[in-house]
Amino acid sequence: MDDGTQAVKIANPKTLEFQVVRTSLLQGLLKTIRENRSHALPIRVFETADVVVKDKILERQARNVRHAAAVWCNKTAGFEVVHGLLNRLMQVLEIPRITAGDRRADTGYYIRETNGSLGL
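Every value quoted in this text rests on a predicted model; they were computed, and no experiment measured them.

As for the overall build of the chain
Helices and strands together make up the secondary structure of the chain, namely two helices and four strands. Its helices and strands taken in sequence order, the chain reads β-β-α-β-β-α from the N to the C terminus. Burial status across the chain gives 17% buried among its 120 residues. For the chain, the accessible area works out to roughly 10100 Å², and carbon and sulfur atoms hold 53% of it.

Structure (structure tokens):
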């Protein structure tokens, strides 16, 4: 299975516009921010939709996966806003918050501290 970062091309698209399908929601969110940059800050955008990821096991070698993405655009960082959104989303989905060292948890989420770098 692939991580979904490679383009997925359609073999027989109805039009050239639909030759490549989305593998990420980020590009659409950034385009929306660009098109709305004249609006007053903050700009808040949220989307949930299917993206396509490669999957060599399947006959079509790709599958749809539901993703959610959000962008907070303001003059300040807004970490608390994004953190609050994540916590609320996980609460609605009934996914418990755990600690990073909780090895016994079958499911859950945690936010890992970093030194400020993105770690890419």
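Details of the nonpolar core
Counting residues in each nonpolar core, the largest one holds nine residues, listed as Leu25, Leu29, Ile33, Ile43, Val45, Ala49, Val51, Ala69 and Val71. When residues in this core are grouped by element, the largest group, four residues, is from strand E3 (residues 43–54). In this structure, leucine 29 is in contact with Val45, Phe46, Glu47, Ala69, Ala70 and Val71, ignoring residues within four places of it in sequence.

Thoughts on unusual backbone geometry
Between leucine 41 and the following residue, proline 42, the backbone shows a cis peptide bond with an omega angle of 0 degrees. Along the polypeptide, proline 42 turns up in the loop between helix H1 (26–35) and E3.

A few points about the pattern of salt bridges
Applying the stated criterion across every chain, the model contains three salt bridges. Note that glutamate 35 and arginine 34 form a salt bridge whose closest N and O atoms lie 2.9 Å from each other. Looking at arginine 34, the relative accessible area reads 44%, which means it is partly exposed.

Focus: the confidence of the model for the chain
The pLDDT averaged across the chain works out to 81; a share of 79% of its residues lies at or above 70. Per-element confidence in the chain ranges from a low mean pLDDT of 64 for strand E1 (residues 8–9) to a high of 92 for H1.

Points about the environment of arginine 66
Position of arginine 66 relative to the elements: it lies in strand E4 (residues 62–73). Accessibility expressed as a relative area gives 57% for arginine 66, which makes it exposed. Remark: the alpha-carbon pair of arginine 66 and threonine 48, spanning 18 residues in sequence, is separated by 7.0 Å. There is a polar contact of 2.7 Å between the side chain of arginine 66 and the side chain of aspartate 50.

Conventions we followed
- Residues numbered from 1 in each chain as written.
- Predicted model: local features only at pLDDT ≥ 70, side-chain atom pairs only at ≥ 80, totals over all residues.
- Heavy atoms only, no water.
- Helix = DSSP H or I, 4+ residues; strand = E, 2+ residues; numbered from the N terminus.
- Buried < 20%, exposed > 50% of the residue type's maximum accessible area, 1.4 Å probe, protein only.
- Areas by Shrake-Rupley, 256 points an atom, 1.4 Å probe, with all protein chains shown as cover.
- Core = buried A, V, L, I, M, F, W, Y, C linked by side-chain atoms within 4.5 Å.
- Contact = heavy atoms within 4.5 Å.
- Salt bridge = Lys/Arg side-chain N within 4 Å of Asp/Glu carboxyl O.
- pLDDT = per-residue confidence, 0-100.
- Polar contact = N/O pair within 3.5 Å; in protein donor to acceptor, adjacent residues only side chain to side chain.

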